[in-house]
Amino acid sequence: MQTAFFETAQLAWQAERSDALDVLRKSKAEVEITARGLSVPQLTYKPSPDTWSVAEVIEHMLLAESRVQSLFRGLHEAPEGAPDQSMKPPAEVIVAMSTDRSTKHPSPPMLLPTGEVPAGEILAQFSTSRDHTLDIIAALPDLRGRVINHPAFGDLDGYQWVLFVAGHTERHAAQIEEVKAGAGFPRQ
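Residues numbered from 1 in each chain as written. Predicted model: local features only at pLDDT ≥ 70, side-chain atom pairs only at ≥ 80, totals over all residues. Heavy atoms only, no water.

Caption draft 1: Examining the packing of helix α4 (residues 91-99) against helix α6 (residues 158-181) more closely. Running from amino to carboxyl end, α4 crosses α6 at an angle of 30°, the nearest separation of the two axes being 7 Å. In terms of axis orientation, α4 runs roughly parallel to α6. The way α4 lies across α6 gives a crossing that is right-handed. For the pair α4 and α6, the contacting residues are A91, I94, V95, M97, S98 and T99 in the first and Q160, L163, F164, G167, H168, E170 and R171 in the second. Here the residues of the contact of α4 with α6 sort into six nonpolar, five polar and two charged. (Axes fitted to C-alpha atoms, helices over the stretch in contact; angles between N-to-C directions. Helix = DSSP H or I, 4+ residues; strand = E, 2+ residues; numbered from the N terminus. Parallel < 35°, antiparallel > 145°, perpendicular 65-115°, else oblique. Left-handed = near helix turned anticlockwise from the far one by under 90°. Contact = heavy atoms within 4.5 Å. Nonpolar A, V, L, I, M, F, W, Y, C, P; charged D, E, K, R; others polar.)

Dropping the structure here:
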């Protein structure tokens, strides 16, 4: 009987891991499609002094990606979550809040773009970094059971963190589209 339970749990985790990797790949592709082929003037164009350029948006995501890689590498040492953790908060809430562009959320200082990465290299660096995140997720034995606090959502398990990361990426892909749609965006 234990073997059947273990096999069922393994199949469930394999499906969940596949889903986690898929949502991360999809959000990576959205950024690549949105920013691919942009010139340096297009990447560095700022619609106003208090908004980010496309390069700054991608650098912010690159900085966030580095932080979540550390988070996922340390997931096995995180505290155990409550038995019903996978239901709090629901996946739909995480995705809706992390992709919603109607409310601005100030970025923590450590995730503010610095301009240190050349604009012409920023997309390639983000893509490479996301590939590294995918490798980390693929190697984890489990994304459930352990929790790490998120400032807006409270304790999230690893799978919930994946949903947040993918949603955060989609949110900023939409921000890139907003910059590109601006009247002053360079044609070339």
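Once you've had a look at it, read on.
Caption draft 2: Quick look at the nonpolar core. By size, the foremost hydrophobic cluster in this structure holds 23 residues, and its most contacted members are L24, F72, I137, L143, W161 and V162. Going through the elements one at a time, α1 (2-35), α3 (54-73), α5 (119-139) and α6 are the ones with two or more residues in this core. For this core, the element with the most residues is α6, which contributes seven residues. Not counting the four nearest positions on each side in its chain, I137 is found in contact with R17, A20, L21, L24, F72, L143 and V162. Membership of the second largest hydrophobic core comes to 20 residues, among which are A55, M61, L123 and F126. (Core = buried A, V, L, I, M, F, W, Y, C linked by side-chain atoms within 4.5 Å. Buried < 20%, exposed > 50% of the residue type's maximum accessible area, 1.4 Å probe, protein only.)

Caption draft 3: Spotlight on the pattern of salt bridges. Applying the stated criterion across every chain yields a total of eleven salt bridges. A salt bridge links E16 to R144; the nearest nitrogen and oxygen atoms lie 3.0 Å apart. Highlighted residues: E16 in helix α1 and R144 in the loop between α5 and β1 (147-150), separated in sequence by 128 residues. Given the relative accessible area of 22%, R144 is considered partly exposed. With a shortest N-O distance of 4.0 Å, E80 and R146 are connected by a salt bridge. With a gap of 66 residues between them, E80 in the loop between α3 and α4 and R146 in the loop between α5 and β1 connect regions that are remote in the sequence. In this structure E80 comes out as exposed when scored by relative accessible area, which is 61%. Since its relative accessible area comes to 30%, R146 is described here as partly exposed. Each member of the salt-bridge network shares a partner with another, and the members are E16, R144 and D157. (Salt bridge = Lys/Arg side-chain N within 4 Å of Asp/Glu carboxyl O.)

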